[in-house]
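One-letter residues, chain by chain:
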Amino acid sequence: MAKGKTSQAIAKLMNLAPDTAILLTVDEEGNVTGEEEIDGRLIQKNDVIKIVPGAKVASDGCVIWGQSHVNESMITGEARPVAKRKGDTVIGGTLNENGVLHIKVTKVGSESALAQIVRLVESAQLAKAPVQKLADRISKFFVPLVIFLSFSTWLSWFLAGKLHWYPESWIPSSMDSFELALQFGISVMVIACPCALGLATPTAVMVGTGVGASQGVLIKGGQALERAHKVNCIVFDKTGTLTMGKPVVVKTKLLKNMVLREFYELVAATAVNSEHPLAKAIVEYAKKFRDDEENPVWPEAHDFVSITGNGVRATVNRREIMVGNKNLMSDYKITISADAEELLAEAEEMAQTGILVSIDNELTGVLAVSDPVKPSAREAISILKSMNIKGIMAGGHVVAMVGDGVNDSPALVAADVGMVIGAGTDIAIETADIVLMKSNLEDVITAIDLSRKTFSRIRLNYVWALGYNLMGIPIAAGVLFPSTRFRLPPWIAGAAMAASSVSVVCCSLLLKNYKRPKRLDNLAIREIQVKRV
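Residues numbered from 1 in each chain as written. Predicted model: local features only at pLDDT ≥ 70, side-chain atom pairs only at ≥ 80, totals over all residues. Heavy atoms only, no water.

*Asks:* Help me understand the overall build of the protein, please; the structure alone is not making it clear to me.
*Replies:* Secondary structure assignment for the protein yields 20 helices and 20 strands. Looking at the protein as a whole, 47% of its 533 residues qualify as buried. Taking all contacts inside the protein whose residues are at least 6 apart in sequence as the whole, residues at least 24 apart take part in 70%. About 27,000 Å² of surface is accessible on the protein, with carbon and sulfur atoms providing 56% of the total. (Helix = DSSP H or I, 4+ residues; strand = E, 2+ residues; numbered from the N terminus. Buried < 20%, exposed > 50% of the residue type's maximum accessible area, 1.4 Å probe, protein only. Contact = heavy atoms within 4.5 Å. Areas by Shrake-Rupley, 256 points an atom, 1.4 Å probe, with all protein chains shown as cover.)

Put into structure tokens, the structure is as follows:
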């Protein structure tokens, strides 16, 4: 029953995938030529499926047409619908709200996010936490000790009866001294059964990981849960973890007399050929000056060259364009004016990246690009500090690493606890100990707080289980019998032993009422405001 209650979140997840899907037939040019309803289990990778308003997304995929808002709360726990447009990814089992989407399937079956979450939580609930070894060690000595105490109890009462060390009136009429001694010995054996010790850890871990899943925090087993509660130092990857991971142009300063639309037309035509995140940010910003903002066609760039670490250059509309840093301009003998130097210094002071643009060998403009900090980053780090968690690595600390990309994978493995945000790469998610499905920094706090509450409950379980036995064994052995004539018959001792196990399970199930720290509910989750000049 305990496992069933804890796994309700998993059962709900497994039922999220819709039974049917609308499969689209497309021609070589991408035009839809037909559609048919098929069984959801027949979907294959690279199929194109149609998601109508109010329908569930049939499989993980990428939006190739349409715009909508998708409710992902059943996967991430985030109540606010997420806007989706061409190029965005969607998760199977989530709910499409108000628009039609065409999805190209990228993952099916066991590869899907839904299947991986179910598999991860199930394995986490079966994994044994290192603290369980404490119960194993206790049981290793406890069981022989109880057998010895049980035999000693029987022998003591048996000899006391034979030697008439207590009056015969103490012996119930339905038995003799041997049976009385035997009942004391059996009661000690029964009441001391260490079932509660064995249940103390796995039930708490099972409930804790189940609660984590419902909160969007996937903990990969008892070992990760145990290490997380000891964390006192956290190292954050910056890009994509503390920041949004999507650079945006926040300032443009033209140094020559030129129309801004024409300027960005030339710059975007050059930058669109680069895969660099800063180049993509420039192209995205340039779209705002076009009427065909959705799919703009830029002038053709000739003789495009990408200079690693410096920038790009090309010829657009017979004009030579260079977009990059000071080194690029210096290499091509472009004079950087005092005004440009001042703008670059100003951008650097504000943690922005300054980009220089040269047209026909003359410095024409300076752009400032910023990767905005996540709205909740400041508050989240403040709360972590109040939990006595440091942010700088030092000897002797239990270190957690929070990241999102392939480049973070070695650090995630090397750290005592690796946490990856849900928007991270598959490799990072595979190597991490804890996956934060909502990509919110607040969930770092939730993960640590939940692990601490879980292990506090495990300690309480141990105290209760051991205390119960330490109190019950003397009573079962007949310590109170000479003065009160009170004894525990074996059947009552059996009931008492069962009650200790039930009490430990119930104590663990109280974790189902876990609430994340109240300070997180008071966080002002602000929209990011980017001032464009």
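*Asks:* Just to check I follow, could you spell out a nonpolar patch on the surface for this structure?
*Replies:* Together, Phe151, Leu155, Leu159, Leu163 and Trp165 give the surface a local cluster of nonpolar side chains, amounting to about 540 Å² of exposed area. By the secondary structure assignment, leucine 163 is in the loop between helix 5 (132-162) and helix 6 (177-191). Residue leucine 163 is classed as partly exposed on the basis of its relative accessible area of 47%. (Patch = residues over 30% accessible without salt bridge, like charges linked within 9 Å, V, L, I, M, F, W, Y side chains within 5 Å. Salt bridge = Lys/Arg side-chain N within 4 Å of Asp/Glu carboxyl O.)

*Asks:* Would you mind going over the UniProt feature "transmembrane region" (unreviewed entry) in the protein with me for this structure?
*Replies:* When the UniProt feature table is mapped onto this chain numbering, "transmembrane region" (unreviewed entry) sits at residues 141-160, 180-200, 462-482 and 488-511. Note that residues 180-200 is 86% helix and 0% strand, and that its end C-alpha atoms are spaced 33 Å apart. Overall, residues 488-511 shows 83% helix and 0% strand. The separation of its end C-alpha atoms is 33 Å. (UniProt positions renumbered as here; feature names shortened; annotations may be inferred.)

*Asks:* Looking at this model, I keep getting lost on the pattern of salt bridges. Mind explaining?
*Replies:* Close approach of charged atoms allows side chains with opposite charge to pair. Applying the stated criterion to the full structure yields 14 salt bridges. One salt bridge connects arginine 313 with glutamate 320, and the closest N-O pair in it is separated by 2.9 Å. Overall, glutamate 320 belongs to the partly exposed group, its relative accessible area being 24%. Across the pair arginine 319 and aspartate 360 runs a salt bridge, and its minimum N-O distance is 3.3 Å.

*Asks:* What am I meant to see in the side chain of threonine 454 here?
*Replies:* Looking at the secondary structure, you find threonine 454 in helix 17 (residues 442-476). In this structure the side chain of threonine 454 is engaged in a polar contact, spanning 2.8 Å, whose partner is the backbone oxygen of leucine 450. (Polar contact = N/O pair within 3.5 Å; in protein donor to acceptor, adjacent residues only side chain to side chain.)

*Asks:* Would you take a moment to explain the sheet that holds strand 1 (residues 20-26) for this structure?
*Replies:* Strand pairs in the sheet, formed through backbone hydrogen bonds, run parallel or antiparallel to each other. The strand order 2-1-3-9-4-7 describes an open sheet built from six strands, whose pairing is antiparallel. Of all the strands in the sheet, just strand 2 (32-39) and strand 7 (89-90) have a single pairing partner and so form its edges. Strand direction decides the pairing type here: strand 1 and strand 2, joined by seven bridges, are antiparallel. Bridge pairing links alanine 21 to isoleucine 38 in strand 2. (Pairing = 2+ DSSP bridges.)

*Asks:* Before we go on, may I ask you to explain the sheet that holds strand 11 (residues 233-236) in this structure?
*Replies:* On the basis of which strands lie adjacent, the open sheet formed by five strands has the order 10-20-19-18-11 and mixed pairing. The open sheet has two edge strands, strand 10 (217-219) and strand 11, and neither has a second partner. In this sheet, adjacent strand axes meet at a mean angle of 20° when their direction is disregarded. Bridge count between strand 10 and strand 20 (residues 434-436): three bridges; the pairing is antiparallel. Bridge pairing links leucine 218 to valine 435 in strand 20. (Axes fitted to C-alpha atoms, helices over the stretch in contact; angles between N-to-C directions.)

*Asks:* Which parts of the structure should I look at to understand the packing of helix 17 against helix 19 (residues 490-509)?
*Replies:* When two helices pack together, you describe them by how their axes are tilted relative to each other and by the distance separating the axes. Across the interface, helix 17 lies against helix 19 with an axial gap of 10 Å and an inter-helix angle of 170°. Taken together, the axes of helix 17 and helix 19 lie roughly antiparallel to each other. In this structure, helix 17 contributes Arg457, Leu460, Asn461, Trp464, Ala465 and Tyr468 to the contact, and helix 19 contributes Ala496, Ala499, Ser500, Ser503, Val504, Cys507 and Ser508. Taken together, the residues of the contact of helix 17 with helix 19 break down into eight nonpolar, four polar and one charged. (Parallel < 35°, antiparallel > 145°, perpendicular 65-115°, else oblique. Nonpolar A, V, L, I, M, F, W, Y, C, P; charged D, E, K, R; others polar.)

*Asks:* Is there a simple way to explain helix 11 (residues 277-286) in this structure?
*Replies:* Residues spaced three or four apart along an α-helix point in a common direction, a consequence of the helix completing one turn every 3.6 residues. For helix 11, a buried count of seven out of 10 residues is recorded, marking the element as mostly surrounded by other parts of the structure. Each element contacted by the buried residues of helix 11 is listed here: strand 12 (248-254), helix 10 (260-271), strand 15 (319-324), strand 16 (353-359) and strand 17 (362-370).

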